[in-house]
Every structure is written in structure tokens, then in C-alpha cells.
Amino acid sequence: MLEKTYNPKDVEPKQYAAWEASGAFACGRRADARPFTIVIPPPNVTGSLHMGHALNNTLQDILVRYQRMRGLDVLWQPGTDHAGIATQMVVERQLEAEGKTRHDLGREKFIERVWKWKAESGGAITGQLRRLGASCDWSRERFTMDEGLSRAVVKVFVELYKQGLIYRDKRLVNWDPRLHTAISDLEVEQREVKGKLWYFKYPVEGEAGKFVTVATTRPETMLGDTAVAVHPEDERYKGVVGKTCVLPIVGRRIPIVADAYADPEKGSGAVKITPAHDFNDFEVGRRHKLDVVNVLDKDARLNENAPAAYRGLDRFEARKRIVAEMESQGLLEKVEENLMTVPYGDRSQVIIEPWLTDQWFVDAKKLAAPAIRAVETGETRFVPKNWEATYFEWMRNIQPWCISRQIWWGHQVPAWFGPDGKIFVEADEAQAKTAAQKHYGQDVTLARDPDVLDTWFSSALWPFSTLGWPDATPEVKRYYPTDVLVTGFDIIFFWVARMMMAGLHFMKRAPFHIVYIHALVRDEKGQKMSKSKGNIIDPLELIDKFGADALRLTLTALAAQGRDVKLSESRVEGYRNFATKIWNAARFLEMNACAPVDGFDPKSARLTVNRWIAGKVAEAAGEATRALEAYRFNDFALSLYHFTWGTYCDWYLEFIKPILMGADEQAKMETRATAAWAFDQILHLLHPIMPFITEELWEQRADGKRPHRLIVAPWPEFKEKTADADATAEMDWVVRLVSEVRAVRAEMNVPPGARIPLLHRGAGAASQKRLATHRDLIQTLARVSELNAAESVQKGAVQIVLEEATFILPLAGVIDMSAEKARLEREIKKLDQEIARFDAKLGNAGFTSKAPPEVVETERERRAETTATRAKLSEAIQRLAQAM
């Protein structure tokens, strides 16, 4: 006997443990089946489940559960990322609490300490993914620092180096002066701040009293200036191009060059060029072969290249002194307030410096060419397709990829330096020594590069390294390339593009056929979740409160292609009510002896209502399957939601109540079997989204005597025609009639308890037959006192047209029609005012250009909803006017 209410806290751990114990998640169970592979975007080993993870992994789990039910050999490859900087910081904070630093331990002992932390505390997120219901093949879980993946990383580095695709160079990188390492663009937060724009006058050499004024937001870097740039077409500066300025404070002669990078509309139109401290300036410097003068050290203090009075100063202290000195020399023209973006390290929370340093780089441009072709030819396809344009934009303008990091936790660069600085890149130290001995003709002492590789370098190999590459394993042969990658748009460049490059270079095939890009999860107002805004929604708290199925269904129902998910707790609560609806439907079936019948064929049903629901089940299954095959996850969820709640629960179960309470035993037997069969199909269809409650009901409704668990049950497919056109037309007609009557009652504020007549005129033979057959049902569901023919339409009656028939609801005396019309007109007036406010806001270029896109989209959606409501009220007024 089913419990009165569904309790996710009891069901979820029990069912998940049973799935794992049964081996249901394991690949290789169907050796003769076509493989289907997804690799999980590996979460950081330090991480906790956030709403982005919840959405991403729900969508993946839907796909793998669906394909598993279709009979495919499914591998959902799990694992975690070693998260170099994040993990090192966790352990360094522990050491700090003990009054130590990593340098007190030394590199080897520190790394041992990190491994110890990982064993004790790392990977909590994999347990949290289990709570979400993720059906990964946990027996194959990998870690980017495990032995096999580390071997793959070394092999790739060595081969790319020997092919000339990895090299060491002195270039600008994002330098974190607190962590003392280069970081990726993804680890940089761009913050909008109110800064200043200083206008400095640089004297033109040999022309007393003549200056070129440059505008800068960073006075401290002027000590490293090696040119001034102006736009080639800027008439103001035609006479000074080719001349030289004298750099104030320093006294260095620097050229005035013409370069399109200078914007005539910005500042003075002339810009100082500091190649060692600005990415754009670095490129200008290369174009004009300028000197590169680095004036900052690793701590962002002024170094030995600065004048003696400034050496050792913090960059911001140096800024103050430089501004003061320029002012004292009469070379500060003016200062303006300036809204600007400043880069901060997402871990250190300090301002990042573009800094010139020796690093390892990948020649990404050469590797990008095949990856571009793979998408151009359709070998890999993006869904939604518009993300291909973003991919192409990034890939066609790709820059060298800095892959070295100045930390200890990670894959140490397999490079050794000889006594003269010559580099030996080999798989291990023994091979490096052999190469060095061959080069020098004698044994020499080698020093290993202390740097480690960017986390994204090892992640780029994830689709094939997790399968055992570089060994020629059966898994590599069977499961590569993978079928689908599900990921967020923010890492198309950082991860997707790099996996494409690595996969095509080493495996000669693109790593996935489909890249499905989902949007962000935002709060209900469309704002990005952040700690500072206090609007973060914790998925684990929602699972505790409403169950994993409710959260999964909510995220899926809101995951429309190309649109951000706007989440609120109330939405999850609403979808929790859907789980309650399913549970209550199962209890209704149980109380009415509607149990599954082995071998039941719905095409054998003789009753119209049962033939109708059989056709509707087939229709729902087809619609759901088509949506999922097209990656329209929201349509998949919502179509099943509406079918289950509406068609099955609200209509079919109401339709069959008189049969189940009647005396016709044959009809009862058929209806019980049909109701149970249809409910089983619903459990199948909902299982990928709501695995816990569906598995529980599948098990309990047959007293545990099913031949298999639902997770491996066949997906519903209806190859033969199941729908009966006549039954569908008849019962759909009844649904439409009752729905129209209910809508009028609601629009006109008819009291729920009021039983009013429903009259009809002009009904043809088919309609009259339907009315006769379903008279009692219509009267009960529409709450009408009688259902008879009428010769005329009396005053005060509202009319409903359904096909050839007109149905009449006499409302005079039931409602005050004049008052009701006035009420509706007042409502419409309010809505018109709201629509006008929306139009004014959306027509304001200041709003649409400055507000975040998601906020503008929310306003458009609200306007559309308000307009739809107005249309319904307007139709109700027309009905009333006709009746009066």
C-alpha cells in the first residue's frame, strides 16, 4: 500500500543505492548495442554543487537515462579536475592557520599534503551529484592528476614541443601579484569601477613649448612607455608623426607612431604605449618594433628599470608620486572621472597585472585550423546553432595559449634546463639526461622547470585520456568520439575549443558530434546569482526541501534553448506539487484496483475513452521523443507535464470514475488495465527527468515483481498506429466543451457552487450523439444543472461556439452583468497602463542599451504576458456585450 504522501528523503537514497548496486550505470552491459558517450565537465575537486552544476548535470542525466532506455550501451564518464590554484589555496589556508607556508614544507612535502587533503576532503561534489540523481558510471571515475591522465598530459606536451607547437617565449600574461602566477582569462573578473583619466603632456623633442597630451588610467606604467601612438587619419597630429617625445621623469626619447589602435574620439586621441604592461600596447609594440621596458616585479612593485626614487614602491603608491611629480613639473593638463573596467583575480581578489614574463605557450593558431573545419563541415554541430558564430569568432582570432603556471600543485612541466639554459623536453628525467649527454658530450646537472601546466591543458584531453589513452584500450576504440557534450557558453573557448584542438590533433577525429550549450541559471528577476547580491540559491537546500525530482523538473522545464533560466524557490515548490499529483494518481489507481496486466495491448480496448487515452499516450511519447532528439529539453518536460497533469489526471481519471463505480465488470476490467498501462507509460516517459519517484512507483505498483528496474526498461515506442481517430475526435470534443464552459464561468465570476443550465442550438447528428453519450459526464465536470436543446438565445445568456453548434449559458440572475462588464473594463484599463509603461521602458534606448540583456528580455516577457491577459478579458467583455 502506498504511503499517503511522497517523501523524497526516504525514497531518494534508497533508490540511488539500489541503482548503483545493480550496476545499472555501468557501460559495457550491452556489448552488441550501439555506444552512446557523454563526458562530464569535470567539476573542481574543491567544489560544491551550485545551480549551474545542477542544470548541467540534470540535462546530461536526462540524455543518458533516455539513451539507456533506448537500449544503447551508455557511458557517462565522470571525474573531477585537480583545480590547480583553487586546491593549492585551500591547503595553503590550512597551513596559514598553523602558522606555516608551503615554503616551510618544501615542494615534495607540500604536494603530499595536498594529496592527503584530497583523500580526506576532496571530491565532496561527487556525493552531491549522486543526490541530484546523476547516473554516471562511477566505477570509471577519473581525476586529472591520476597516473593515467598524468601520463597522457606528459605525452601530449612532449609531442607538441617536438612538433614545434609548444614553445617558450617572453610575452604578456595575466599576472596575479598575490599568488605569483599567471592565470587564465576565465580566472579574471572584470569589475566596473569609477576611476580617473589623467592627461599628461609629453614634450616634443626639439620644439620648445610643444607637447603631445596623452590620456592614461595607469600613470604608474608611464615609466615603461616606449612610444606615443596617434591615429593615422587624425588631422591634429599629422605634423608630429615620426617625431620623438621626451618621456617625463625618465628622460627617455620615444617615437610618435601612427597606429589605428589610437582612438581619435577617446581622451586626447593620443595614447602612451607601454608594451610591457598592456596587451594592446604589446601588439602595437610588435608592429612598430618598439623597445619593451618592464618596470614592475612579481609583487607589482617598481623594479630596477624605474628611476631610483621609485624603485621598490607599490604600484599604487608609485601612481600617487608620479601624478604629483607631473603636476609639479606643469605636465598634468587635467584629470577626469572615468568609468572603467579593472581586472581582478577571482581567487586572490587583487588587481591583475599584464606582466612580461617567460612562459610556455601553445601555437593555438595552427591547432585551431582543423577545429574550425570540423564545425564548418558539420563533423561537430553546436546546438543552438548561433553559438557556432561565437566559436568561429574566437578560433579565427586565437592568440598563443599560455599554459604554464607558477604554482606547485598540478602537472609539472616536463622540461629540464642545462647549465647554459638549453631546454630538454622529455617524458622523464632519465630521458632528459640522455638527451643532454648526447648534446653536451658529457653528463651535466639538469634543473627541472618548477612551473606546472594550466588546468585547462589536462582538461583538453578529457574525452580520450579518461578512456585510457595513450594506451590503445578497448574503451578508446568503442567510446571515442563521444556523442554529446553538454556545457555552458562561458567555457566554449577555454574548454570546448581546446578539446576540439587536442582531439583532432591526437585522435584525428573531433571529440563530439554535438555540443549542446545551455544558458545561465539566474534569479527570478533575471539577475546573475552572486554572493554580493545575496541572491544565490543552493540546490542542495532545494533538494532537502522539495526533493531532487522537483528541482530537476524545474530546471528542465525552464531550459529553453538560448534563454537563461530564471529560478525561484516558488517555481520548485510548484513542480514539487506535480510530484504530489503523480503520487496521488498512483494512489487513486491502487484504491480502484487498477494494477498492471502482463501482456496488455491497448489496441484491444473497446471503450471510446480507453481508445482515446491510448492514442494520447502514443501522441505524448512521440512528442516527448522528438523534443529530446532535438535537445528541446523544456518542450520535453512541459509536454509531459501537461499530458500527465491535464490529459491523464484531470481528464482521463475523471472520465473513468463512473465506469469504475459502475456495474459493467467487463468495462471495469478493461478500464483498470488501460489506466494502469497508461500510467506505466507515463512513468517510463518521466523517468529521465524524475528518476526517483518514477522508479519508486514502478516498483511499488507491482509489489516489486517487475522483470527489471525502470532505469533499464525499454523506452515507449509506438510504431504501429495506436490512435483511434474517431475516439480522439469524440473525447477531444468533450474536453473542449467542458473547458469552454469552465473558462466562461471563471471569466464571468460565476460562483463555483452555482448550477446553471447548458443549452445548445444547431448541433449536428455527431454532436448530438456525443451529447447523449456523455451527458452525465459533461454535466458533472462543467457543473451545469441540465443539458438540453434550445430554440432561441434569451437575453442575458453567454454563447460558446463549438464547431457547428452554439452552446448557451443563461447567466441573468446569476451574476450582475453590468457590474461584471464594468469590472472587466477596469481590469483592462489597468492592463493598458501597464502595457504603456512597458512600451515606454522598452522604447527608451537608454534602458535597452544599458540594462543587462536578461533584464530587457524579462521586461519583454512581462509585456507579452500582460498583452495575452488583456486579450482574454477583451474576449470576455465581447461575450457579455453580446449577452446584454
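Residues numbered from 1 in each chain as written. Predicted model: local features only at pLDDT ≥ 70, side-chain atom pairs only at ≥ 80, totals over all residues. Heavy atoms only, no water.

J.: Hey, could you run me through the overall build of the chain in this one?
T.: Across its full length, the chain holds 29 helices and 29 strands. A total of about 38800 Å² of accessible surface is found on the chain, and carbon and sulfur atoms cover 49% of it. (Helix = DSSP H or I, 4+ residues; strand = E, 2+ residues; numbered from the N terminus. Areas by Shrake-Rupley, 256 points an atom, 1.4 Å probe, with all protein chains shown as cover.)

J.: Whenever I open this one, the pairing of strand β12 (residues 270-273) confuses me. Can you help?
T.: As a general feature of sheets, a regular strand has side chains that alternate between the two faces. Burial of the side chains of β12 extends over both faces: Ala-270 and Lys-272 are buried on one face and Val-271 and Ile-273 on the other. Bridging between strand β9 (residues 227-230) and β12 involves 4 bridges; their strand directions are antiparallel. Each bridged residue has a counterpart across the sheet, and for Ala-229 the counterpart in β12 is Val-271. (Buried < 20%, exposed > 50% of the residue type's maximum accessible area, 1.4 Å probe, protein only. Pairing = 2+ DSSP bridges.)

J.: What's the story with the sheet that holds strand β7 (residues 188-203) in this structure? I'm lost.
T.: Remark on secondary structure: sheet strands pair via backbone hydrogen bonds, oriented parallel or antiparallel. Spatial strand order, β8-β7-β13: 3 strands in an open sheet with antiparallel pairing. Unpaired on one side and paired on the other, β8 (211-216) and β13 (332-345) mark the two borders of the sheet. Pairs of neighbouring strands in the sheet enclose a mean axial angle of 20 degrees, with direction left out of account. As defined by bridge partners, β7 adjoins β13 across 13 bridges and the pair is classed as antiparallel. Bridging from a neighbouring strand, Glu-192 pairs with Thr-341 of β13. Against the sheet, helix α9 (residues 315-328) contacts β7 and β13, and its axis sits at roughly 25 degrees relative to β7. (Axes fitted to C-alpha atoms, helices over the stretch in contact; angles between N-to-C directions. Contact = heavy atoms within 4.5 Å.)

J.: Whenever I open this one, the packing of helix α17 (residues 539-546) against helix α19 (residues 569-591) confuses me. Can you help?
T.: Two measures define how a pair of helices packs: the angle their axes make with one another and the distance between the axes. The interhelical angle for the contact between α17 and α19, taken along N-to-C directions, is 35 degrees, at an axis separation of 11 Å. Crossing hand, α17 versus α19: right-handed. The segment α17 lies against α19, with Leu-542, Lys-545 and Phe-546 engaging Glu-569, Val-572, Glu-573 and Arg-576. Residue composition of the contact of α17 with α19, grouped by class: 3 nonpolar, no polar and 4 charged. (Left-handed = near helix turned anticlockwise from the far one by under 90°. Nonpolar A, V, L, I, M, F, W, Y, C, P; charged D, E, K, R; others polar.)

J.: So what exactly am I meant to see when it comes to the pattern of salt bridges here?
T.: Side-chain pairs of opposite charge can arise where the charged atoms are in close proximity. Scanning all chains against the criterion turns up 65 salt bridges. Here Glu-98 makes a salt bridge to Lys-100, at a shortest N to O gap of 4.0 Å. The class of Glu-98 is partly exposed, set by a relative accessible area of 41%. Several salt bridges share partner residues, and in doing so they unite Arg-218, Glu-220, Arg-315, Arg-319 and Glu-353 into one network. (Salt bridge = Lys/Arg side-chain N within 4 Å of Asp/Glu carboxyl O.)

J.: Can you walk me through helix α22 (residues 665-686) in this structure?
T.: Look at α22: 31 Å from first C-alpha to last across 22 residues, which is about the 32 Å you get at 1.5 Å a residue. For α22, the buried fraction is high: 18 of the 22 residues fall into the buried class. Where α22 begins, the capping side chain belongs to Asp-664, and its oxygen is found 3.1 Å from the backbone nitrogen of Gln-666. (Expected span 1.5 Å × (residues − 1). Polar contact = N/O pair within 3.5 Å; in protein donor to acceptor, adjacent residues only side chain to side chain.)

J.: Sorry, what's going on with the environment of Asp-169 here?
T.: Here Asp-169 shows up in strand β5 (residues 166-176). Accessibility expressed as a relative area gives 23% for Asp-169, which makes it partly exposed. Separated by 54 residues in the primary sequence, Asp-169 and Trp-115 place their C-alpha atoms 32 Å from one another. Residues within four places of Asp-169 in sequence aside, it is in contact with Arg-286, Thr-357, Asp-358, Gln-359 and Phe-361.

J.: Explain the packing of aromatic side chains here, please?
T.: For any pair of aromatic rings, geometry is given as the distance between the ring centres together with the angle between the planes. Under the definition given, this model contains 39 aromatic pairs. Each ring, one from Tyr-167 and one from Phe-361, has its centre 6.0 Å from the other, and the planes form 20 degrees; the classification is stacked. Here Tyr-167 is found in strand β5, whereas its partner Phe-361 is found in strand β14 (residues 353-362), with 194 residues between them in sequence. Owing to a relative accessible area of 25%, Tyr-167 belongs among the partly exposed residues under this scheme. (Phe/Tyr/Trp six-rings, centres within 6.5 Å; stacked < 30°, edge-to-face > 60°.)

J.: Explain the packing of helix α18 (residues 548-557) against α19 to me, please; I cannot follow it from the model alone.
T.: At a closest axis distance of 8 Å, the pairing of α18 and α19 adopts a crossing angle of 115 degrees. In terms of their interaxial angle, α18 and α19 are classed as roughly perpendicular. The chirality of how α18 crosses α19 is right-handed. Seen from α18, the contacting residues are Ala-550, Leu-551, Leu-553, Thr-554 and Ala-557; seen from α19, they are Arg-571, Val-572, Tyr-575, Arg-576 and Phe-578. Here the contact of α18 with α19 is composed, by residue class, of 7 nonpolar, 1 polar and 2 charged. (Parallel < 35°, antiparallel > 145°, perpendicular 65-115°, else oblique.)

J.: Help me understand unusual backbone geometry in this model?
T.: Keep in mind that most residues, glycine aside, have a negative phi and that most peptide bonds are trans. The linkage connecting Val-383 with the following residue, Pro-384, adopts the cis geometry, with an omega of -5 degrees. Among the structural elements, Pro-384 can be located in the loop between β15 (381-383) and α11 (387-396). Omega for the bond connecting Tyr-480 with Pro-481 falls within 30 degrees of zero, at 0 degrees, which places this linkage in the cis form. Its location among the elements puts Pro-481 in the loop between α15 (474-479) and β22 (482-488).

J.: Help me understand the sheet that holds strand β11 (residues 253-258) in this model?
T.: Spatially, β10-β11-β9-β12 is the arrangement adopted by the 4 strands of the open sheet, whose pairing is mixed. Two strands bound the open sheet, and with one partner strand each, they are β10 (244-246) and β12. For this sheet, the mean angle separating the axes of adjacent strands, direction not counted, is 30 degrees.

J.: Explain the environment of Met-1 here, please?
T.: Mapped onto the elements, Met-1 comes out in the segment before α1 (8-22). Sequence separation of Met-1 and Arg-587 is 586 residues, and the distance between their C-alpha atoms is 8.4 Å. Once residues lying within four places of it in the same chain are set aside, the contact partners of Met-1 are Glu-590 and Gln-700.

J.: It is not clear to me how the nonpolar core should be interpreted in this structure. Could you clarify?
T.: One broad rule of soluble globular proteins: the nonpolar side chains tend to lie buried together. Within the largest apolar cluster, 211 residues are counted, with the highest numbers of intra-cluster contacts made by Tyr-391, Phe-457, Leu-567, Trp-612, Tyr-648 and Phe-655. For this core, the leading source of residues is helix α21 (residues 633-660), giving 14 residues. Setting aside residues up to four positions removed in sequence, Trp-612 forms contacts with Thr-647, Trp-651, Tyr-652, Phe-655, Ala-727, Thr-728, Met-731, Asp-732 and Val-735. With 36 residues, the next largest nonpolar core counts Ile-256, Val-295, Tyr-310 and Phe-361 among its residues. (Core = buried A, V, L, I, M, F, W, Y, C linked by side-chain atoms within 4.5 Å.)

J.: Looking at this structure, how should I read the environment of Arg-236?
T.: Considering the arrangement of structural elements, one finds Arg-236 in the loop between β9 and β10. Separated by 31 residues in sequence, Arg-236 and Gly-267 place their C-alpha atoms 13 Å apart. Here the side chain of Arg-236 touches Pro-264 through a polar contact of 3.1 Å, landing on its backbone oxygen.

J.: Explain the pairing of β14 to me, please; I cannot follow it from the model alone.
T.: Most of β14 sits inside the fold, with 9 of its 10 residues counted as buried. Sheet analysis places β5 next to β14, joined by 10 bridges and oriented antiparallel. Following the sheet pairing, Ile-166 is matched in β14 by Val-362.

J.: Can you walk me through the side chain of Asp-449 in this structure?
T.: With respect to the helices, strands and loops of the structure, Asp-449 is situated in the loop between β20 (447-448) and β21 (452-453). Looking at Asp-449, its side chain comes within polar contact range of the side chain of Arg-168, at 3.4 Å.

J.: Would you explain the state of the cysteines in this entry?
T.: By definition, a disulfide links the sulfur atoms of two cysteines through a covalent bond. In the structure shown here, the tally under the stated rule is 0 disulfides. The thiol sulfur of Cys-136 is not disulfide-bonded, and the nearest other cysteine sulfur, from Cys-27, lies at 12 Å. Judged by its relative accessible area of 0%, Cys-136 falls in the buried class. Free cysteine Cys-649: the closest other cysteine sulfur is in Cys-594, separated by 12 Å. (Disulfide = S-S within 2.5 Å.)

J.: For this particular structure, what's the right way to read the side chain of Asp-146?
T.: In this structure, Asp-146 sits in the loop between β4 (142-143) and α7 (147-162). For Asp-146, a relative accessible area of 18% translates into the label buried.

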